[in-house]
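Report on the structure
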Amino acid sequence: MAPNFDYTTKASELVAWYAPFITGKVILVTGVSTGGLGERYVKQVAAAKPSLFILTGRSISKLEAVKADLNAVLPEIKVKIVSMDLLSFADVRKAAATVNSWDDVPHIDILVNNAGIMAVPYSKSEDGFESQFQTNHLSHFLFTNLLIEKVLASTAPRIVTVSSNVHRVGNIRWEDYNFGDGQRYQRWLSYGQSKTGNALMGLSLAEKLGSRGLLSFPMCPGTSYTNLSAHGAADFAAFAADLTDMDNIYGNKWGCGMGELQFKDPDQGVATHVFASFDTSIAGQNGAFVTDCHIADQAKEEVYSWATSKVDAERLWKLSEKLVGQEFKY
């Protein structure tokens, strides 16, 4: 019997349902650490026995811990780990070069751009960009494009980019993506901008490479407790109120901020990751924004116009090329 496809869907149900499409696959996931969505996704999908996981993250020790857990339960699944600091383009290039150098990994079937930071205090990367914009968008843009030929070598290539419904308070600040070097910074506007970036990148990949067989889906996982928001726990009321203020400024239905959100348990929290990675029924809607295991409905404010604009997607692609210092023409 088919699972329900809504906010209550469990990843474990979907993994069992999609098992034929998971077994034997090579899957690369960014941002894998204990307690995060990346780890939960990997451990759920492992039950269907992909052939190889490639796990990236800032901390080798955290990656090793996830690898050890997987090896203890399913020793037949190979796991490779790669250190990658998304706050450094040089480190992103080094990580991509490492993966590209592996002759024993001729292709990547699924690339899940999962890593991210959320609503952090203002800071700049070593490359001179606001930390959320670089970590969540620019570095994933660079990493994905550097690996794209290995992804396209798959017989069924797919890229999933984890965005968020919080894109609702963050269209791209085309002339001020660094928030005036912090003078005009608001943590949720910054997070929203980066998540809009994720959505537009997912759309661009579908537009540019769909003809070569690539499926690309940006997605919102919904809300669940992870280490992503740990820094806000000390003053959660202010953390939530800042988002509510931005919702009120944008005038959308989410004026409640976090107060009325439907929180997902760990199994539900990565269901949309699994759906976007393996569902075949959505292939005809390549590039669409996915939420709660279905294609988002703009009329219901599940996705906003600035995250689905092909014009903005192309504009952001060109801006991103300029900022990372490399063109990617397809």
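Just above sits the structure.
These remarks concern the structure in this document.

Conventions and cut-offs
- The numbers attached to residues start from 1 for each chain and follow its sequence in the written order.
- Totals for whole chains, interfaces and linings use all residues, but because this is a predicted model, local features are given only for residues with pLDDT of at least 70 and pairs of side-chain atoms are given and counted only at 80 or more.
- Only heavy atoms go into the side-chain values, all of them from the structure, while hydrogens and water stay out.
- A pocket, in this scheme, is an open set of points on a 1 Å grid over the protein atoms alone with protein on both sides within 12 Å along at least 5 of 7 lines, while a cavity is a set where a 1.4 Å probe fits but cannot get out; residues line either one if an atom lies within 4 Å of a point.
- Grid points are joined across faces, edges and corners, and a volume is the space filled by probe spheres set on the points.
- Each residue is assigned to one class: nonpolar for Ala, Val, Leu, Ile, Met, Phe, Trp, Tyr, Cys and Pro, charged for Asp, Glu, Lys and Arg, and polar for all the others, Gly among them.
- For helices, the fitted line uses only the C-alpha atoms of the stretch in contact; every axis is such a line through C-alpha atoms, and the angle between N-to-C directions lies from 0 to 180 degrees.
- Numbering goes from the N terminus for both helices and strands, where a helix is a DSSP run of H or I of at least four residues and a strand is a run of E of at least two.
- Reported orientations rely on four angle classes, namely roughly parallel under 35 degrees, roughly antiparallel over 145, roughly perpendicular from 65 to 115, and oblique for the rest.
- Each helix crossing is assigned a hand: it is left-handed if the near helix lies turned anticlockwise from the far helix by less than a right angle, otherwise right-handed if that turn is clockwise.
- In this analysis, two residues are considered to be in contact whenever any of their non-hydrogen atoms come within 4.5 Å of each other.
- In this analysis, strands are considered paired if DSSP registers two or more bridges between them.
- Each residue's exposure class comes from its accessible area (1.4 Å probe, protein chains only) as a fraction of the maximum for that residue type: buried when under 20%, exposed when over 50%, partly exposed otherwise.
- When the strands point away from the viewer, a crossover counts as right-handed if the path from the first strand over the helix to the second runs clockwise.

In this structure, the second largest pocket spans a volume of roughly 160 Å³. Along its surface, the second largest pocket is lined by F21, K25, I110, A156, P157, R158, G213, L215, S277, F278 and T280. Of the residues belonging to the lining of the second largest pocket, the class tally is six nonpolar, three polar and two charged.

What follows deals with the packing of helix α4 (residues 89-100) against helix α5 (residues 131-152). Here α4 crosses α5 at 25°, and the two axes come no closer than 10 Å. In this view, α4 runs roughly parallel relative to α5, as classed from their interaxial angle. For the element pair α4 and α5, the recorded crossing hand is right-handed. Where α4 abuts α5, its residues F89, V92, R93, A95, A96, V99 and N100 lie against Q134, L138, S139, L142, F143, L146, L147 and K150.

The next point concerns the sheet that holds strand β1 (residues 26-30). Spatial strand order, β3-β2-β1-β4-β5-β6-β9-β10: eight strands in an open sheet with mixed pairing. Two strands close off the open sheet at either side, each with one partner strand: β3 (78-83) and β10 (294-295). Pairing of β1 with strand β4 (residues 110-113) involves three bridges; the strand directions are parallel. Counterpart to L28 in the pairing with β4 is L111. Relative to the sheet, helix α6 (residues 187-209) contacts β4, β5 (158-162) and β6 (215-220), its axis offset from that of β6 by approximately 160°.

The next point concerns the pairing of strand β2 (residues 52-57). Moving residue by residue along a regular strand, the side chains alternate between the two faces of the sheet. Among the six residues of β2, six are classified as buried, and the element is accordingly described as predominantly covered. What you see with β2 is no split at all: L52, I54 and T56 on one side and F53, L55 and G57 on the other are buried throughout. For β1 and β2, the ladder comprises five bridges, and the chain directions are parallel. Paired with L28 across the bridge in β2 is I54.

Turning our eyes to something else, we now look at the pairing of β6. With respect to burial, β6 is a largely interior element, six of its six residues being buried. On β6, burial covers both faces: L215, F217 and M219 on one face and S216, P218 and C220 on the other are all buried. In this sheet, β6 lies alongside β5 in parallel orientation, the contact comprising five bridges. Paired with R158 across the strands is L215, a residue of β6. As a crossover connection, the stretch from β5 through α6 into β6 is right-handed. Taken together, the two bridges between β6 and strand β9 (residues 290-291) define a ladder with parallel strand orientation. Looking at the pairing, C220 lines up with T291 of β9.

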